[in-house]
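# Summary of structural features
Chain residues, written in single-letter form:
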Amino acid sequence: MQKVPAADVEPVPHLMGANTDRRPLSRAIEAMGFAATVLELAPGESFSGAPHKHNSQEELFYVVEGTATWETKAAAGAEPEVVEVGPNEAIHFTEDDVFQMGSNQSDDVVQALAVGVPGTRHEWEDALGLVDCPECGVETVHTFSVVEGAADVRMPDPEEMIIACRECGNEL
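My aim in this report is to walk through the structure given alongside it, one point at a time. Computed from a prediction, not measured in an experiment: that's the story for all the values here. (Residues numbered from 1 in each chain as written. Predicted model: local features only at pLDDT ≥ 70, side-chain atom pairs only at ≥ 80, totals over all residues. Heavy atoms only, no water.)

## Comments concerning the pattern of salt bridges
For clarity, the threshold we go by: For this document, the term salt bridge refers to a Lys or Arg side-chain nitrogen within 4 Å of an Asp or Glu carboxyl oxygen. Note on conventions: DSSP H or I runs of at least 4 residues are helices, E runs of at least 2 residues are strands, and numbering of each starts at the N terminus. Only protein chains enter the accessibility calculation, which uses a 1.4 Å probe; a residue is then buried when its area is under 20% of its type maximum, exposed when over 50%, and partly exposed in between.
Across all of its chains, the model carries three salt bridges by this definition. When the shortest N-O distance is used, the salt bridge between Asp21 and Arg23 registers 2.8 Å. Note that Lys73 and Glu139 form a salt bridge whose closest N and O atoms lie 2.9 Å from each other. Remark: Glu139 occurs in strand β11 (residues 139-146) and Lys73 occurs in strand β5 (residues 68-73); sequence separation between them is 66 residues. With respect to burial, Lys73 and Glu139 carry one shared label: buried.

Here it is as structure tokens:
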């Protein structure tokens, strides 16, 4: 057994600046076999930096306080579906599900718990994101990878990430 107050977990801001109060419990709890992160989103912040999906991890988001808004898309260029998740509600995404991005579009704080399984973190190479590609001129699927020797492979600095378009190979 290990008890860890969430407030004692060192915040790890999102690499793309999507959020600042992100506390990965799986870094503080020894031998934890899944990812769990406590987040507090200020108005305008989001859970991630872009609509994305994980090919080898499912995710569950449980909203404790406030209302989070998710936009989901079946594919690049598709019309988004919008889903609001309020207090004591959860939203679940299976492996290789829709592209999704949750955010705080309200004027109030959103407090939530994000859980990912399997593993204590997602693998960047197994994630895909939707990004407007400047070369293609449209929204396309992009891959993520971390440069060799990155100081923190869990949440690398932006210059330690390679984000590449699957259509043309352009790197952002």
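Back to the text.
## With respect to the side chain of His142
Selection criterion: Whenever a nitrogen or oxygen atom comes within 3.5 Å of another N or O atom, the pair is scored as a polar contact, on the condition that within protein one atom can donate a hydrogen and the other can accept it, and that pairs from neighbouring residues in sequence are kept only if both atoms are in side chains. Contacts are assigned to residue pairs with any non-hydrogen atoms lying within 4.5 Å of each other.
Along the chain, His142 turns up in strand β11. A polar atom in the side chain of His142 sits 3.2 Å from the backbone oxygen of Thr140. Setting aside chain neighbours within four positions, we find His142 in contact with Ala127, Leu128, Gly129, Val131, Cys133, Ile163, Ala164, Cys165, Arg166 and Leu172.

## Let's talk about the pairing of β11
Side-chain direction in a regular strand flips from residue to residue, so the side chains alternate between the two faces of the sheet. Basically, it comes down to this: Strands were regarded as paired on the criterion that DSSP finds at least two bridges between them.
Counted residue by residue, β11 has six buried out of eight residues, so it is predominantly covered. Hairpin connection from strand β10 (residues 127-132) to β11: six residues lie between these consecutive antiparallel strands, with Gly137 at a positive phi of about 80 degrees. Both β11 and strand β12 (residues 161-165) contribute to a ladder of five bridges, which runs antiparallel. Along β12, the bridge assignment pairs Phe144 with Ile163.

## Regarding the sheet that holds strand β7 (residues 89-93)
For clarity, the cut-off: Structural elements are reduced to axes, namely lines fitted to C-alpha atoms, with helices fitted over the stretch in contact, and the angle between N-to-C directions of any two is expressed from 0 to 180 degrees.
One open sheet accounts for five strands, arranged β1-β2-β9-β4-β7; its pairing is antiparallel. If you trace the sheet from one side to the other, it starts and ends with β1 (21-24) and β7, each paired once. Strand-to-strand twist across the sheet, computed as the mean angle between neighbouring axes with direction ignored, equals 15 degrees. Bridge count for strand β2 (residues 35-41) against strand β9 (residues 110-117) is seven bridges, and the pairing is antiparallel. Residue pairing for β9: Leu41 is matched across the bridge by Val110.

## Remarks on the state of the cysteines
Put simply, the rule reads: The disulfide criterion used throughout: a pair of cysteine sulfur atoms within 2.5 Å.
Taken as a whole and judged by the stated rule, the model has zero disulfides. Cys136 provides the cysteine sulfur closest to Cys165, a residue in no disulfide bond, and the two sulfurs are 3.8 Å apart. As a non-bridged cysteine, Cys168 has Cys133 as the owner of its nearest cysteine sulfur, 3.7 Å distant. With a relative accessible area of 39%, Cys168 lands in the partly exposed category.

## Section: unusual backbone geometry
Leaving glycine out, the prevailing phi sign among residues is negative, and the prevailing peptide bond configuration is trans. Residue Pro118 is bonded to the preceding Val117 through a cis peptide linkage, with omega at -5 degrees. Positionally, Pro118 belongs in the loop between β9 and β10. Not every positive phi belongs to a glycine, and Asn88 is a case in point at roughly 65 degrees. Positionally, Asn88 belongs in the loop between β6 (81-85) and β7. At Asp96, a residue that is not glycine, the phi angle is positive and equals roughly 55 degrees. Among the structural elements, Asp96 can be located in the loop between β7 and β8 (99-103). A relative accessible area of 46% places Asp96 in the partly exposed class.

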